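Spelled out from the first residue to the last, the chains are:
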Amino acid sequence: MASEGRLVWQSYNCQACHQLYSLGGYLGPDLTNVISTPNKGANLVRAMIKSGTKQMPAFSLSDHEMSLLIEFLKSTDASGIADIRHFRLNKYGLIEANEKR
Ligand code: HEC
């Protein structure tokens, strides 16, 4: 169930490095729509968690926790498209939002 999946998301602190709906940590990418992104989806989520990368630690989730987490990410995906804004410094040294990619 998605609400239990949210607890898995919280207990492993994914949000320290990832955003949902553009909110969260900025080391890793926003995961709101990772499930429906071409060439990503649940298989990428499983692989990233199991193996990690140089920048992302691996986590040992039980199969049950893994499927709850994926249910949760399916629910964020179904809730809409995250408005992921990008920021840059302008010539005055002020931060401006770019248009969406
Ligand atoms: C310490 C920071 C950190 C934590 C904690 C973390 N991640 Fe990541 N994650 C990253 C980084 C950085 C990347 C980009 C990986 C790379 O390019 O090497 C990433 C990439 C990913 C990707 C691939 C996304 C894409 O669009 O390519 C998924 C899926 C993912 N993480 C899921 C999770 C989940 C689920 C959790 C919690 C169980 C989690 N991460 C916890 C840092 C983190």
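Please refer to the structure higher up on the page.
Rules and cut-offs
- Residues numbered from 1 in each chain as written.
- Predicted model: local features only at pLDDT ≥ 70, side-chain atom pairs only at ≥ 80, totals over all residues.
- Heavy atoms only, no water.
- Core = buried A, V, L, I, M, F, W, Y, C linked by side-chain atoms within 4.5 Å.
- Buried < 20%, exposed > 50% of the residue type's maximum accessible area, 1.4 Å probe, protein only.
- Helix = DSSP H or I, 4+ residues; strand = E, 2+ residues; numbered from the N terminus.
- Contact = heavy atoms within 4.5 Å.
- Salt bridge = Lys/Arg side-chain N within 4 Å of Asp/Glu carboxyl O.
- Phe/Tyr/Trp six-rings, centres within 6.5 Å; stacked < 30°, edge-to-face > 60°.

A. Examining the nonpolar core more closely. By size, the foremost hydrophobic cluster in this structure holds 18 residues, and its most contacted members are Trp9, Ile35, Val45, Ile49 and Leu73. Looking at this core, the elements with two or more residues in it are helix 1 (2–11), helix 2 (41–51) and helix 3 (63–78). Discounting chain neighbours no more than four positions away, the residues touching Val45 are Val34, Ile35, Ile70 and Leu73.

B. Inspection of the pattern of salt bridges at higher detail. Tallied over the entire structure, the rule returns 1 salt bridge. A salt bridge links Glu71 to Lys74; the shortest N-O distance between them is 3.7 Å. Of the two residues, Glu71 and Lys74 are both situated in helix 3; the distance of 3 residues between them amounts to about one turn of the helix. Exposure remark for Lys74: the relative accessible area of 40% places this residue in the partly exposed category.

C. Summary view of the packing of aromatic side chains. Per the stated rule, a full pass over the model turns up 2 aromatic pairs. Relative to Phe72, the ring of Trp9 has its centre 6.0 Å away and its plane inclined at 50°; by these criteria the two rings are tilted. On the criterion of sequence distance, the pair formed by Trp9 in helix 1 and Phe72 in helix 3 is long-range, its members being 63 residues apart. Here Trp9 and Phe72 have matching classes, each one buried. Plain terms: the ring middles of Tyr12 and Phe59 are 5.8 Å apart, the flat faces sit at 85° to each other, and that makes the pair edge-to-face. Taken together, the positions of Tyr12 in the loop between helix 1 and strand 1 (19–20) and Phe59 in the loop between helix 2 and helix 3 put the pair 47 residues apart, joining distant regions of the chain.

Coordinates in, geometry out; function isn't part of it.
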